[in-house]
Amino acid sequence: MDKTEQKLPELEFRNETIKSLVSRLTGKDVLIVTDPFNYPKVKDAGRCAVAPDNRCEQIPVIKSGPFYERVIAVGGCAALDIGRACAVGKSIIVVPSILSTSCISLDRSVIKYGGVNRLEKTQLPEKVIICMPDLMDMPPAELEKWCQSGFGDLFTMAAASIDIQHKKGDLSIEAVTGNVGECFKAIEWVINDFDGYNETSVKALARFLHDSSLVVVVRDDSNLNAAGEHLLYHSLLRLNPQYTSSRPTHGQIVAAGTLIAAAIYREQTGNARILEAISKAFKKLGLPLTYDELSKAGIEKRHLQEGLSDIKHLGSHLGDYFKTNDFGILDRVFSA
Ligand SMILES: [Zn+2]
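Keep in mind the model is a prediction, meaning the values are calculated, not measured.

Caption draft 1: Representation of the overall build of the chain. For the chain, the count of helices and strands is 17 helices and 8 strands. Taken against the 2.2 N^0.38 rule, which gives 20 Å for 336 residues, the C-alpha radius of gyration of the chain at 20 Å falls within 12% of a compact globule. Each principal axis of the C-alpha distribution contributes one length, and for the chain these read about 60 × 40 × 35 Å. Counting all 336 residues of the chain, 54% fall into the buried class. Across the chain, every contact between residues at least 6 apart in sequence was considered, and the portion connecting residues at least 24 apart equals 69%. Split by element, the accessible area of the chain, about 14300 Å² in all, is 52% carbon and sulfur. The distance from the centre of the 39 positive side-chain charges to the centre of the 42 negative ones in the chain is 3 Å.

Here it is as structure tokens:
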């Protein structure tokens, strides 16, 4: 389809539960794709496929079942990724149950082939619906953990923009901030207006994640939301089998990479604006800023050193730096 004809999804906030929403939207031609956690909420609404993770093997199995024309994907990123992959050429509504990563409104999915995650084009959702009661019913510590992760993932756009400009050979602050104005607006919002993980900040986060997803869709360029910090994430997960999907969170890991990239940017350009803004925002959000805080999240200094060594050859702003520099910058960033 011509990009200009592409109808972008709207983000809707509903004051009803996932259970009630899905039973209202369902029909004979609907396939519900969800995860084990949300399955009890939607199992009575119609035909369900349960996707516990994002492994590719599930897709042909789900697609070969009875005919369906519409998909409702309910859950965290894996369920939304598999839902979008099963909806190619059909229509899909996504109902994110947590806001832990910037995947919610994308037209692509992260799918695992063998042991390797690959980002591939799938189906743009028709609508993205957030059921506020389900989100606000989460225990406060859980809500904080997952929303903090979502903010961490959102701000990787700053590092991704540095990465793009590094490759273009123009690290001017105008170019770096200009690529991802939405992200810097979100950082400003956190610094000035964030006052805890409450309904207002949950809605603001959903809006930011949605808008940043659409930037990727419109520009057709996923390089804008994932660069060296995501390479570091994948490397750390591979090198540290003790890392789980909830400790450290995706957002905590990529936030550490973003902070290092912003510190490298400061050393390369003498401009501290991005590092300062990101540090202020992280402080308010409770994202790790020191070795101590990283360690509490399960991330040790030696993990970062091993991960950064591991991504040196992969061609990113973050990795390239460590081809010719030692790890001294880590102490300059994380030694409180
Ligand atoms: Zn991410």
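Caption draft 2: Spotlight on the pairing of strand 8 (residues 127-131). Taking burial as the measure, the 5 residues of strand 8 include 4 buried ones, the bulk of the element. Of the strand pairs in this sheet, strand 1 (residues 10-14) and strand 8 are connected by 5 bridges, and their pairing is parallel. Residue pairing across strands places glutamate 12 opposite isoleucine 129, the latter belonging to strand 8. Bridge analysis of strand 5 (residues 91-96) against strand 8 gives 2 bridges, and the strand direction is parallel. Paired with valine 94 across the two strands is valine 128, which belongs to strand 8.

Caption draft 3: The domain arrangement of the chain, seen in detail. Per the domain assignment, the segments making up the chain are domain 1 (3-135) and domain 2 (139-334). The distance between the C-alpha centroids of domain 1 and domain 2 comes to 26 Å. At the junction of the two partners, domain 1 supplies 26 residues and domain 2 supplies 26 residues. Overall, the association of domain 1 and domain 2 removes approximately 2100 Å² of surface from exposure, summing both partners, and the carbon and sulfur fraction of that is 67%. The largest per-residue losses of area from domain 1 upon contact with domain 2 belong to Leu11, Leu99 and Ser102, which jointly make up 26% of the total buried on that side. Taken together, the connections running from domain 1 to domain 2 amount to 2 salt bridges. A salt bridge links lysine 121 to aspartate 220; the shortest N-O distance between them is 3.0 Å. Across the contact surface, domain 1 and domain 2 share 9 residue pairs in polar contact (both at pLDDT 80 or more).

Caption draft 4: Local environment of the coordination of the zinc ion. Protein coordination at the zinc ion comes from Asp153 (OD), Asp153 (OD), His230 (NE2) and His250 (NE2), with a distance range of 2.0 to 2.7 Å. Around the zinc ion sit 4 donor atoms; with metal-centred angles ranging over 53 to 142°, the donor geometry is irregular. Sequence spacing of the donor residues for the zinc ion, all on one chain, is D-x76-H-x19-H. Here aspartate 153, found in helix 6 (residues 140-154), pairs with histidine 250, found in helix 12 (residues 250-269); they are 97 residues apart in sequence, far enough to count as distant.

Caption draft 5: The arrangement of the nonpolar core in detail. In this structure, Phe151, Phe155 and Phe334 are the most contacted members of the largest nonpolar core, which totals 96 residues. The leading source of residues in this core is helix 12, at 11 residues. Shared between two domains, this core takes at least three residues from each, and those domains are domain 1 (3-135) and domain 2 (139-334). Setting aside its immediate chain neighbours within four residues, phenylalanine 334 contacts Ala256, Leu259, Ile260, Leu289, Thr290, Tyr291, Leu294 and Leu304. Counting 13 residues, the second largest nonpolar core, distinct from the first, contains Ile18, Leu21, Val22 and Val30.

What counts, and at which threshold
Residues numbered from 1 in each chain as written. Predicted model: local features only at pLDDT ≥ 70, side-chain atom pairs only at ≥ 80, totals over all residues. Heavy atoms only, no water. Helix = DSSP H or I, 4+ residues; strand = E, 2+ residues; numbered from the N terminus. Rg over C-alpha atoms; globule rule 2.2 N^0.38 Å. Buried < 20%, exposed > 50% of the residue type's maximum accessible area, 1.4 Å probe, protein only. Contact = heavy atoms within 4.5 Å. Areas by Shrake-Rupley, 256 points an atom, 1.4 Å probe, with all protein chains shown as cover. Lys, Arg positive; Asp, Glu negative; His and termini not counted. Charge placed at Lys NZ, Arg CZ, Asp CG, Glu CD. Pairing = 2+ DSSP bridges. Domains from an automatic or database assignment. Buried area = accessible area lost by both parts, 1.4 Å probe. Salt bridge = Lys/Arg side-chain N within 4 Å of Asp/Glu carboxyl O. Polar contact = N/O pair within 3.5 Å; in protein donor to acceptor, adjacent residues only side chain to side chain. Donors = N, O, S within 2.8 Å, 3.2 Å for Na, K, Ca; no water. Tetrahedral: all angles 85-135°; square planar, octahedral: opposite > 155°, others 65-115°. Core = buried A, V, L, I, M, F, W, Y, C linked by side-chain atoms within 4.5 Å.

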